[in-house]
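Chain by chain, the residues run as shown.
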Amino acid sequence: MGDVTRTSSVVILGGGPGGYEAALVAAHLGASVTVVDRDGIGGAAVLTDCVPSKTLIATADYLGGIETASELGVHLEDHEGDVATETVAELDAINRRVLSLAAAQSADITARLQEVGVRVVSGTGRLASPSEVVVEGTDGAIETISADVVLLSTGATPRVLPSAQPDGERILTWQQVYELPEIPDKLIVVGSGVTGAELAQAYLGLGTDVTLISSRDLVLPGEDQDAAAVIEDVFRRRGMTVLNRSRMASAERRGDGVVVTLEDGREVEGSHVLIAVGAVPNTRDIGLEEVGVELSESGHIVTDRVSRTSVRGVYAAGDCTGVFALASVAAMQGRTAMAHALGDAVTPLRLSAVSANVFTDPEIATVGMSAADAADNSDVEAVMMPLSRNPRAKMLGIAEGFVKLFAYRGTGTLLGGVVVAPRASELIFPVALAVANRLSVDQVASTFTVYPSLTGTIAEAARRLHPLHGE
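Residues numbered from 1 in each chain as written. Predicted model: local features only at pLDDT ≥ 70, side-chain atom pairs only at ≥ 80, totals over all residues. Heavy atoms only, no water.

Per an unreviewed UniProt entry, the protein chain is named Flavoprotein disulfide reductase, and its organism is Janibacter indicus. The Sequence similarities (unreviewed entry) comment attached to the protein chain in UniProt states, word for word, "Belongs to the class-I pyridine nucleotide-disulfide oxidoreductase family." (UniProt positions renumbered as here; feature names shortened; annotations may be inferred.)

In structure tokens:
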């Protein structure tokens, strides 16, 4: 590490995962680091998206666990010895815990940044040139900061439709649901992507009557279709109304509730509506066009595999780049940007090794090659094994789910996988390790697993992909 690293000035716009992870790396490499953040360190991922939604989902999972316990021969009794027939969720208390956990996580990250000498400025930043950032503080003060390196990590915000304007009371974005004082009587969720599906099931688990409006043949259209079919089946069996091939035309308040009008003229009535139809990047009015930073047609910042933009010295990370809307990818982009900019060893971003998870119940975890890509490649072999045959799954009362692996014929190199199971986000890690390190199915299969365990099915699936040479 040379002198330039120790004296470099780094300015980061946005304190989400891409921003704060980059700041930690830059500080470690000896740079003088300033993070300019408007809404709170941690960004949407910590304050209004990942941490709150997954906390809400975990709470709903506890209620589901109580139902599963009864199937295993365990039940709750009241103080008089009578069997409890229902559990009740108190949304106000749940939301207070959700938001307190998010605030605590934000405070922990802020403290860590301060420990390593990162300066945090509360306000908004704008590029005046590739090496100058004008900051307007929340107190109204204006400051110009010179920078050797700028990282743009400004995130994205929920897409708002003119025909369904959120009011924070009955018509809601996913960032507004944590202000609800009570469980909605009847929640309409518009959009069956990851956010819509996760929150629809969370509120279903908390006792809400949920209608999910999906424009596609199946929910979760961007996921493995076998996995999506499992999730939609679970949704329906648990009482959710799923309206496939349906598009919202408008949403409006009517009396004490809401009405969602579909494009074919049907009306869906509810007490609340949650709009989850994607996000738009926060790339406007921060000086990008003026300094020549290239944007895509969707308004995302164009970056290469080491997070460089089209302007020398300016990097970008996170949802504002449109690479993958994942906190883990944002963090990796931010770390990669600082390593490259400050002269440290750097590994370009490998999207083929990214693992992701949908926090429904069961969860869907994926890494590497998709089933669609595998089907288009005659050199790729796939195997799918249901979890219902796994002894540990039987003990835990797991009836749904599977493990699916993809590998090259002949060499047996593992290319990707899908796990549908409770805590699939944990189970995908051994598959991700194998994909990232180009291990063969034989290497995975010959690794000891605990018996009984759900990971045993991963090893068994790998054994079934053992390449038969000479075919």
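Q: Mind showing me how you'd approach the environment of D226 here?
A: Structurally, D226 is set in helix α7 (residues 225-237). A relative accessible area of 36% places D226 in the partly exposed class. When the C-alpha positions of D226 and L63 are compared, they lie 26 Å apart, and in sequence the two are 163 residues distant. Look past the residues within four positions of D226 in its chain and what remains in contact with it is M384, F402 and K404. (Helix = DSSP H or I, 4+ residues; strand = E, 2+ residues; numbered from the N terminus. Buried < 20%, exposed > 50% of the residue type's maximum accessible area, 1.4 Å probe, protein only. Contact = heavy atoms within 4.5 Å.)

Q: For this particular structure, what's the right way to read the pattern of salt bridges?
A: Should the charged atoms of two oppositely charged side chains come close, the side chains can pair. Here the structure, examined in full by the defined rule, presents 22 salt bridges. When the shortest N-O distance is used, the salt bridge between D39 and R38 registers 3.4 Å. As far as the burial class goes, D39 and R38 line up, both exposed. Between D233 and R237 there is a salt bridge whose closest N-O contact spans 3.0 Å. Of this pair, D233 and R237 are both found in helix α7, four residues apart, which corresponds to roughly one turn of the helix. (Salt bridge = Lys/Arg side-chain N within 4 Å of Asp/Glu carboxyl O.)

Q: I'm lost on the domain arrangement of the protein chain in this one. Help?
A: Interfaces are often described in size by the accessible area the parts lose on coming together. In terms of domains, the protein chain is made up of domain 1 (9-49 + 96-156 + 280-349), domain 2 (171-277) and domain 3 (353-465). Taking the mean C-alpha position of each, domain 1 and domain 3 sit 34 Å from one another. (Domains from an automatic or database assignment.)

Q: Before we go on, may I ask you to explain the nonpolar core in this structure?
A: The nonpolar side chains of soluble globular proteins are, as a tendency, buried together. Core analysis: the biggest nonpolar cluster contains 47 residues, and L56, Y203, L206, L220, F235, M240 and I364 have the highest contact counts within it. Residue assignment places this core across two domains, with domain 2 (171-277) and domain 3 (353-465) each supplying three or more. Those residues within four positions of L56 in sequence are excluded, and the remaining contacts are L91, I94, N95, V98, Y178, L199, A202, Y203 and L206. Counting 28 residues, the second largest nonpolar core, distinct from the first, contains I398, A407, A424 and V441. (Core = buried A, V, L, I, M, F, W, Y, C linked by side-chain atoms within 4.5 Å.)

Q: What am I meant to see in the pairing of strand β6 (residues 149-152) here?
A: On a regular strand, each side chain points to the face opposite its neighbour's, so the side chains alternate between the two faces of the sheet. Burial along β6 is two-sided: the residues V149 and L151 and V150 and L152 are all buried. Bridge count for strand β1 (residues 9-13) against β6 is four bridges, and the pairing is parallel. Looking at the pairing, L13 lines up with L152 of β6. In this structure, β6 lies alongside strand β17 (residues 314-316), joined through three bridges in parallel fashion. From the neighbouring strand, L151 faces β17, where its bridge partner is Y315. (Pairing = 2+ DSSP bridges.)

Q: Help me understand the state of the cysteines in this model?
A: In a disulfide, the sulfur atoms of two cysteines are covalently bonded to one another. Overall, the coordinates contain zero disulfides when judged by the stated rule. Cysteine C50 is unpaired, with the sulfur of C320 as its nearest cysteine sulfur at 15 Å. (Disulfide = S-S within 2.5 Å.)

Q: Would you mind showing me how to read unusual backbone geometry here?
A: Excluding glycine, most residues fall at negative phi; most peptide bonds, likewise, are trans. Cis peptide bonds are those with omega within 30 degrees of zero, and the linkage from D361 to P362 qualifies with 5 degrees. Mapped onto the secondary structure, P362 falls in the loop between β18 (355-358) and β19 (363-368). In this structure, P452 follows Y451 across a cis peptide bond, with omega equal to -10 degrees. Look at S307: it is not a glycine, yet its phi comes out positive at around 75 degrees. Residue classification places S307 among the buried residues on the basis of a relative accessible area of 2%. At R438, a position not held by glycine, the phi torsion is positive, near 55 degrees. Relative to the helices and strands, R438 is located in the loop between α12 (424-436) and α13 (441-445). When its relative accessible area of 57% is taken as the criterion, R438 is described as exposed.

Q: Quick question: what am I supposed to make of the packing of helix α2 (residues 17-28) against helix α5 (residues 91-115) here?
A: Packed helices, taken two at a time, are described by the angle their axes make and the gap between the axes. Orientation of α2 relative to α5, taken along the N-to-C sense of each, is 25 degrees, at an axis distance of 10 Å. Relative to α5, the element α2 is oriented roughly parallel. In this structure, the crossing between α2 and α5 has a hand that is left-handed. Across from Y20, A23 and L24 in α2, the residues of α5 making contact are I109, R112 and L113. Of the residues assigned to the contact of α2 with α5, the class counts are five nonpolar, no polar and one charged. (Axes fitted to C-alpha atoms, helices over the stretch in contact; angles between N-to-C directions. Parallel < 35°, antiparallel > 145°, perpendicular 65-115°, else oblique. Left-handed = near helix turned anticlockwise from the far one by under 90°. Nonpolar A, V, L, I, M, F, W, Y, C, P; charged D, E, K, R; others polar.)

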